[in-house]
Amino acid sequence: MEIKNSQLLINVSFLLIIVSDYICWQIMGFLLRYIDCCGSNGNGQLGLNHSEDIDRPTFSIAVNQEVEDIAIGGNHSLILFKNKNLFASGEQCGFFDPADSERFDIVQKGVTHVCAGWDFTAIVKNNVSVFLYDKNGERHLIDLSENAKFMRSSLHSVIIVDNKGSAFAFGDNKKGQLFGDVITDKIVPEPAKINFEDLPNSSFNGLIVLDCCMGRDYTIFHLYDEEKDANIILMRCKTDRFSILTNMYSTIGDRGHEMQGSVGVNKSQWFFVEKHVKINGLKSMWSSVHVWYNKDDTGNKLVSFGNNVYGQKYDGSKLEEEIDSFDVGTEHGLLVTKDKHKVYAWGWGEHGNCGPSSDGSLKLLFQDDGERIVQNVFGGYANTFIVTSRMPM
């Protein structure tokens, strides 16, 4: 009964928001952003005013600010808006406040980047100041010398890349997934520079980090060698038990050069990307990597590599529509169609994060009535967030 009452309150609030959205557009010229979500909600991390899992996208919050990013942890979620306000819901409100909450509330201002792990939140304030929030409270870790460009996180690790392509990391390094043989400490408590001195055939001074993605116990780096004008894919992990890198090489690798190095604790393996391949997206679930790439300007293609026990690998043959964007969670994927009216999901949907069915196959999760467009999707720890805006009337 409590859940039904909470849902009724949300539905009434949603109707009021639609009316206010129309007024905002007609009078003030801006659109509200709506966030719908589903999946794991045991600590109220979906912001639905209850703590039960839900298997259909359900309205959570609406604001008159563009969504910059959504970071999802083990039992907490955070929404970062363009105005640098950070909202949180769930376990200890992302560890900013000792009290749990089942609705999104503002917890910080002046935030430019955010990421979350199993039991922590990391943020960058004013583009340079890195803070960590966990059960021990707040810690100021470092002030970067250059503005941060993006952050990535896994269960217990964080990578920060700045505008010049330099990367810094801290957290769990037990498998050598962060630093290779340059730093062999199992736990790195504060951000340290990531170097690639274990690449003997590359120009150390010219390597920059374009992107990276983090699995449960591995990291994939997309590097650019300025001296050679070459793109490199590098993997750091103890063992590539799902042959992720080998299969990536077979698909996007430069076959004129063999893979080099080897995987193992504090080791790296890498290959040169084919010249005519442009990588537009690189994301990782816990045990699979997903690459959105373009070859010879023939259109973007989404290909998956790795574990497929729960249908984690995307099957492009099941979708005739073009893809606008995609994201992945711990073991499920999400994509937005080119018309921005549909969201499809695939992979492990044990908590309803892929909808009522959890068989792993690609399925339609969200379709709007044509009055809203999908701005973005975010995958988390067995949950899904969909950001939409209502089209001008």
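Sequence order sets the numbering: in each chain, residues are counted from 1 along the sequence as written. A pLDDT threshold of at least 70 governs which residues receive local features in this predicted model, and a stricter bar of 80 or more applies before side-chain atom pairs are shown or counted, although totals over entire chains, interfaces and linings include all residues. Remark: hydrogens and water are excluded; side-chain values derive from all non-hydrogen atoms of the structure.

Student: I'd love a proper account of the overall build of the protein chain, names of residues and values included.
Tutor: In this description a helix means any DSSP run of H or I spanning at least four residues, a strand means any run of E spanning at least two, and both kinds are numbered starting from the N terminus. Scanning the protein chain from terminus to terminus reveals 3 helices and 28 strands. Restricting the calculation to C-alpha atoms gives the radius of gyration, and the globule rule supplies 2.2 Å times the number of residues raised to the power 0.38. Its C-alpha radius of gyration of 21 Å places the protein chain within 12% of the 21 Å reference for a compact globule of 393 residues. Along the longest, intermediate and shortest principal axes, the C-alpha atoms of the protein chain span 60 × 50 × 40 Å. Each of the 393 residues in the protein chain was classed as buried or not, and the buried ones make up 57%. The contact criterion used throughout is that any non-hydrogen atoms of two residues lie within 4.5 Å. Sequence-distant contacts, at least 24 apart, represent 48% of the contacts inside the protein chain between residues at least 6 apart. With an accessible surface of roughly 16900 Å², the protein chain has 46% of that area assigned to carbon and sulfur atoms. As used throughout, the charge tally considers Lys and Arg to be positive and Asp and Glu to be negative, leaving His and the chain termini uncounted. Note that the charge is assigned to NZ on lysines, CZ on arginines, CG on aspartates and CD on glutamates. Charge separation in the protein chain, taken as the distance between the mean sites of 37 positive and 51 negative side-chain charges, equals 2 Å. Exposed residues in this analysis have more than 50% of their type's maximum accessible area, buried residues have under 20%, and partly exposed residues fall in between, with area computed by a 1.4 Å probe over protein chains only. Shrake-Rupley sampling with a 1.4 Å probe provides the accessible areas, and residues are treated as covered by the protein chains on show and by no other component.

Student: Could you give an account of the confidence of the model for the protein chain, with specific residues and numbers?
Tutor: Scored from 0 to 100, pLDDT reflects the predictor's confidence in each residue. Here the protein chain shows a mean pLDDT of 90. Residues at 70 or above account for 90%. Counting interchain partners and residues more than four positions distant, the pLDDT-below-50 stretch residues 16-29 has 21 contacts.

Student: Kindly report on the pairing of strand 19 (residues 268-272), identifying the contributing residues and their values.
Tutor: Among the 5 residues in strand 19, 5 count as buried, and that is most of the element. Burial along strand 19 is two-sided: Ser-268, Trp-270 and Phe-272 and Gln-269 and Phe-271, pointing in opposite directions, are all buried. Examined bridge by bridge, strand 17 (residues 230-237) and strand 19 share 5 bridges and lie antiparallel to one another. Among the inter-strand pairings, Arg-236 is bridged to a residue of strand 19, identified as Ser-268. Two strands form a pair only when DSSP identifies at least two bridges running between them.

Student: Describe the packing of aromatic side chains, with residues and values.
Tutor: Working definition: rings of Phe, Tyr and Trp (its six-membered ring) pair if their centres are within 6.5 Å, and the pair is stacked with planes under 30 degrees apart, edge-to-face with planes over 60 apart, and tilted otherwise. Per the counting criterion, the structure on display carries 11 aromatic pairs. Seen in terms of ring centroids, Phe-81 and Phe-87 are 5.3 Å apart; in terms of plane orientation they differ by 85°. Their pairing is edge-to-face. Of the two residues, Phe-81 and Phe-87, both sit in the buried class. On the basis of an interplanar angle of 50° and a centroid distance of 5.8 Å, the ring pair of Trp-118 and Tyr-381 is categorised as tilted. In this pair, Trp-118 is assigned in the loop between strand 7 (111-116) and strand 8 (121-125) and Tyr-381 in the loop between strand 27 (372-379) and strand 28 (383-390), connecting sequence segments 263 residues apart. By relative accessible area, which is 9% here, Tyr-381 ends up buried. Chaining the aromatic ring pairs together yields one cluster made of Phe-96, Phe-131 and Tyr-133. The ring of Phe-326 has Lys-283 lying over it, and the distance from NZ or CZ to the ring centre is 5.7 Å. Over the ring of Tyr-34 we find Arg-372, and its NZ or CZ is 5.2 Å from the ring centre. Charges are assigned to positions over rings by a cutoff of 6 Å between ring centre and Lys NZ or Arg CZ, combined with an angular limit of 35 degrees from the ring normal.

Student: Just give me the short version of the side chain of Lys-125, but keep the residues and values in it.
Tutor: Within the secondary structure layout, Lys-125 lies in strand 8. Glu-138 provides the closest opposite charge to the buried, unpaired Lys-125, separated from it by 6.3 Å. Residue contacts for Lys-125: discarding those within four places in its chain leaves Gln-108, Lys-109, Gly-110, Val-111, Thr-112 and Phe-131. By salt bridge we mean one thing: a side-chain nitrogen of Lys or Arg within 4 Å of a carboxyl oxygen of Asp or Glu.

Student: Can you break down the sheet that holds strand 11 (residues 148-153) residue by residue, with the values?
Tutor: Pairing in this open sheet of 4 strands is antiparallel, and the strands run 11-12-13-14 from one edge to the other. Each edge of the sheet is formed by a strand with only one pairing partner; in this case those strands are strand 11 and strand 14 (187-193). Strand-to-strand twist in this sheet, taken as the mean axis angle between neighbours without regard to direction, amounts to 10°. Where helices are involved, their axes are fitted lines through C-alpha atoms of the stretch in contact, as for all axes, and angles between N-to-C directions lie from 0 to 180°.

Student: Which residues make up the sheet that holds strand 1 (residues 33-39), and what are the values?
Tutor: The strand order 2-1-28-27 describes an open sheet built from 4 strands, whose pairing is antiparallel. Taken across any chain shown, the strands that pair with only one partner, and hence form the sheet edges, are strand 2 (54-63) and strand 27. Neighbour-to-neighbour, the strand axes of the sheet open up by a mean angle of 25°, direction not taken into account. Summarising the sheet, strand 1 and strand 2 pair through 6 bridges and their orientation is antiparallel. Bridging across to strand 2, Cys-37 finds its partner in Thr-58.

Student: Please set out the environment of Val-303 residue by residue, giving values where relevant.
Tutor: Here Val-303 is to be found in strand 22 (residues 300-306). Sequence spacing of Val-303 and Thr-246 is 57 residues, and the spatial spacing of their C-alpha atoms is 14 Å. Sequence-distant contacts of Val-303, that is, excluding residues within four places in its chain, are made with Val-289, His-290, Val-291 and Tyr-293.

Student: Could you give an account of the environment of Lys-301, naming the residues involved and the relevant values?
Tutor: Tracing the backbone shows Lys-301 in strand 22. With near-sequence residues (within four places) excluded, Lys-301 lies in contact with Val-291, Trp-292 and Tyr-293.

Student: How would you sum up the pattern of salt bridges? Please name residues and give values.
Tutor: Pairs can form between side chains of opposite charge once their charged atoms are near each other. Applying the stated criterion across every chain yields a total of 15 salt bridges. Of the charged contacts, one joins Arg-241 and Asp-217 as a salt bridge, the two residues approaching to 3.5 Å between their closest N and O atoms. Here Arg-241, found in the loop between strand 17 and helix 3 (244-252), pairs with Asp-217, found in the loop between strand 15 (207-214) and strand 16 (218-225); they are 24 residues apart in sequence, far enough to count as distant. Across the pair Asp-368 and Arg-372 runs a salt bridge, and its minimum N-O distance is 3.1 Å. Here Asp-368 matches Arg-372 in class, with each residue buried. Several salt bridges share partner residues, and in doing so they unite Asp-36, Asp-368 and Arg-372 into one network.

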